Amino acid sequence: MGLFTKRQKQPEPTFDVVPAHLGIIMDGNGRWAKKRGLPRQAGHVTGARVFRTIAKHCEKRGISTVTFYTFSTENWKRPPEEVEAIMNLLRQYLKESLEDFKKENIRTRFIGDRSVLAPDIQELMAEAEEATAHKTGMVLNLAINYGGRAELTTAMRRIAEEVREGALVPEAIDEDCITERLYTAGQPDVDMILRPSGEYRLSNFLIWQCAYAEYVFDEILWPDFTVKDLDRALEAYAGRHRRFGGV
Ligand code: FPP
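What you see is a predicted model, and the numbers here were worked out from it, not measured in a lab. (Residues numbered from 1 in each chain as written. Predicted model: local features only at pLDDT ≥ 70, side-chain atom pairs only at ≥ 80, totals over all residues. Heavy atoms only, no water.)

Asks: Sorry if this is basic, but what is going on with the sheet that holds strand 4 (residues 139-146) here?
Replies: To summarise the sheet geometry, strands pair through backbone hydrogen bonds and adopt either a parallel or an antiparallel arrangement. The strand order across the open sheet built from six strands is 3-4-2-1-5-6, with neighbouring strands paired in parallel fashion. Because the sheet does not close on itself, it has two edges, and the strands there are strand 3 (107-111) and strand 6 (214-217). The mean angle between the axes of side-by-side strands here comes to 20°, regardless of whether they run parallel or antiparallel. Alignment of strand 3 against strand 4, held across five bridges, turns out to be parallel. Each residue of the ladder has a partner; that of R107, found in strand 4, is V139. Lying on the sheet, helix 7 (residues 227-238) is in contact with strand 1 (21-25), strand 5 (192-195) and strand 6; it crosses strand 5 at an angle near 140°. (Pairing = 2+ DSSP bridges. Helix = DSSP H or I, 4+ residues; strand = E, 2+ residues; numbered from the N terminus. Axes fitted to C-alpha atoms, helices over the stretch in contact; angles between N-to-C directions. Contact = heavy atoms within 4.5 Å.)

If you want it as structure tokens, here you go:
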């Protein structure tokens, strides 16, 4: 065999074990832009493109629910022009995707407090949810104005109101009762959290749902993240031994 014979093609890894619910923290957009001397917004533009590619790949890999952390309750602290840029990307995505939604078997949902978002964005969100409500494939959650603590606080308030109205007795408040009052009611617990960009924290993302999640971190900045990187992360997840508190 000569020195330059074609390398044997590696077999495609099989993805038999994938998370039922994957949470993705799309981090590193600002640093990606800074490295290139661009405004932070440019990182979000590329990040939004990567989001579309990765969402489709999640579906291809058989993940049943994926949640993307798009805008947190803390992100309002960013400069107004950056907030505006992220909202415009969301607007653009929702408008452009209305056609795709018809073709795809993906159910789009939004988690977070949408009441403070611009009315046209709220309308587009409602349209996207309505247009995909009957879909039977992957559930795609976009977390917008989302915070885990805020979600739990809202759930607690709802429970307190139900108790006050006599619809619920305190003895009936158990873990399921709380789970059913979260934005993710009816969806599986989070199995895996993926955070690129070299940050190792959860940042108030799905804190209740992540009780037994596996964390996969990566140094790559989100705008550079590829389907191959997702496959590597899924392989790392598949190799984990999950015990759920047992032995
Ligand atoms: C975190 O990176 C990223 C965000 C707060 C925004 C994420 C939003 C997008 C990718 C666009 C979303 C659009 C659609 C359509 C889903 P960072 O800005 O904190 O990065 P840094 O840590 O490098 O500053």
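Asks: What should I look at first to understand the nonpolar core in this one?
Replies: General note: in soluble globular proteins, nonpolar side chains tend to be found buried as a group. Formed by 42 residues in total, the largest nonpolar core has its most connected members in I24 and F68. The set of elements that each furnish at least two residues to this core consists of strand 1, helix 2 (40-60), strand 2 (65-72), helix 3 (80-103), helix 4 (119-132), strand 4, strand 5 and helix 7. Top element by residues in this core is helix 3. It accounts for eight residues. What I24 contacts, discounting residues up to four positions off in sequence, is I54, C58, V66, T67, F68, Y69, L194, F205 and W222. Grouped together as the second largest cluster of nonpolar side chains are twelve residues, A143, L206, C210 and A213 included. (Core = buried A, V, L, I, M, F, W, Y, C linked by side-chain atoms within 4.5 Å. Buried < 20%, exposed > 50% of the residue type's maximum accessible area, 1.4 Å probe, protein only.)

Asks: Whenever I open this one, helix 7 confuses me. Can you help?
Replies: Every α-helix carries 3.6 residues per turn, so stepping three or four residues along brings you back to the same face. Here helix 7 is twelve residues long and its end C-alpha atoms lie 16 Å apart, about the 16 Å a rise of 1.5 Å per residue gives. Regarding helix 7, the residues found buried are D229, L230, D231, A233, L234 and Y237. Summarising the contacts, the buried residues of helix 7 are in contact with strand 1, helix 2, strand 5 and strand 6. (Expected span 1.5 Å × (residues − 1).)

Asks: Even after reading the chapter, I still don't get the site of the ligand, so can you show me in this structure?
Replies: In the neighbourhood of the ligand, 17 residues make up the surrounding shell, with M26, G30, R31, R40 and R78 lying closest. Contact between the ligand and N29: an oxygen atom at 3.2 Å from a main-chain N or O atom of the residue. R40 is positioned such that a nitrogen or oxygen atom in its side chain is 2.9 Å from an oxygen atom of the ligand. Protein coverage of the free-state accessible area of the ligand, which is 630 Å², stands at 91%. Put simply, the parts of the chain that give the shell around the ligand at least two residues each are helix 1 (29-35), helix 2 and helix 3. Taken together, the residues that form the shell around the ligand break down as six nonpolar, seven polar and four charged. (Near = heavy atom within 4 Å. Polar contact = N/O pair within 3.5 Å; in protein donor to acceptor, adjacent residues only side chain to side chain. Areas by Shrake-Rupley, 256 points an atom, 1.4 Å probe, with all protein chains shown as cover. Nonpolar A, V, L, I, M, F, W, Y, C, P; charged D, E, K, R; others polar.)

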